[in-house]
Amino acid sequence: QVQLVESGGGLVQPGGSLRLSCAASTIIFRINAMGWFRQAPGKERELVARISSGGSTDYADSVKGRFTVSRDNAKNTMYLQMNSLKSEDTAVYYCHADVVVGFVTNNYWGQGTQVTVSS
């Protein structure tokens, strides 16, 4: 089994910054794309940012220029640097990974970490 463990969430004032981390427990299976999703109360889960194993990135329009996704393949860890945070960024942030097991690619999710932007 593969576990994804997020950390780094919390309460921050508007305009502040936070850095989320997502550590994958496996050292055996290959991890392809990884991504950050978020879900605000009463809303559907949405993609925030994703990064391929080669480092190509993609962002939601709402976070472009403010958030930066990165990964350390040697540590099986992905990061999300969030700057200029707004109240509308408040949500539970989930880590996602595509993990190759044999000839099958499986989806894994973390447990989520709360980010609250409020004064």
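Along every chain, residues carry numbers that run from 1 in the direction the sequence is written. Local features in a predicted model are, by the rule used here, given only for residues with pLDDT of at least 70; side-chain atom pairs are given and counted only at 80 or more, and totals for whole chains, interfaces and linings are based on all residues. Side-chain figures throughout are based on the complete set of non-hydrogen atoms in the structure, without hydrogens or water.

Colleague: Run through the packing of aromatic side chains, naming residues and quoting values.
Modeller: How two aromatic rings sit relative to each other is set out by the distance from centre to centre and by the angle between their planes. For Phe, Tyr and Trp, rings pair up if their centres lie within 6.5 Å, where Trp contributes its six-membered ring, and each pair is then called stacked (planes under 30 degrees apart), edge-to-face (over 60) or tilted (otherwise). One pass over the full model with this rule turns up 1 aromatic pair. When the ring of Phe37 is compared with that of Trp109, the centres are 5.0 Å apart and the planes differ by 65 degrees; the resulting orientation is edge-to-face. Taken as a pair, Phe37 in strand β4 (residues 30-39) and Trp109 in strand β10 (residues 104-109) lie far apart in primary sequence, 72 residues in all. Classification of Trp109 as partly exposed rests on a relative accessible area of 38%. Charge over a ring is defined by NZ of Lys or CZ of Arg lying within 6 Å of the ring centre and within 35 degrees of the ring normal. Taking the ring centre of Tyr79 as reference, the NZ or CZ of Arg19 above it sits at 4.1 Å. The residue whose ring lies beneath Arg45 is Tyr94, and the NZ or CZ to ring-centre distance is 3.7 Å. Here a strand is any run of E in DSSP of at least two residues, a helix any run of H or I of at least four, and the numbering for each starts at the N terminus. Each residue is assigned to one of three classes by its accessible area relative to the maximum for its type, calculated with a 1.4 Å probe on protein chains only: buried under 20%, partly exposed between the two thresholds, exposed over 50%.

Colleague: Hey, could you go over the side chain of Thr77 for me, with residue numbers and the actual values?
Modeller: Relative to the helices and strands, Thr77 is located in strand β8 (residues 77-82). Note on contacts: a residue pair is in contact if any heavy atoms of the two residues lie within 4.5 Å. Those residues in contact with Thr77, other than ones at most four positions away along the chain, are Cys22, Ala23, Ser70, Arg71 and Asp72.

Colleague: Can you break down the sheet that holds strand β1 (residues 4-7) residue by residue, with the values?
Modeller: In this scheme, strands are said to pair when DSSP sees at least two bridges between them. A sheet is described by the order of its strands in space; here 4 strands give the open sequence β1-β3-β8-β7, paired in antiparallel fashion. Only two strands of the sheet have a single neighbouring strand rather than two, namely β1 and β7 (67-72). This sheet shows a mean twist of 15 degrees between the axes of neighbouring strands, independent of strand direction. Axes, fitted as lines to C-alpha atoms, cover a helix only where it is in contact. Angles between the N-to-C directions of the axes lie from 0 to 180 degrees.

Colleague: Please set out the state of the cysteines residue by residue, giving values where relevant.
Modeller: We call a pair of cysteine sulfur atoms a disulfide whenever their separation is within 2.5 Å. Scanning the model with the defined rule gives 1 disulfide in all. Here Cys22 engages in a disulfide with Cys95; their sulfurs sit 1.9 Å apart. The chirality of the disulfide connecting Cys22 with Cys95 is left-handed, given an S-S dihedral of about -65 degrees. Of this pair, Cys22 sits in strand β3 (residues 18-24) while Cys95 sits in strand β9 (residues 91-101), and the two are 73 residues apart along the sequence. Pair check on accessibility: Cys22 and Cys95 agree, each one buried.

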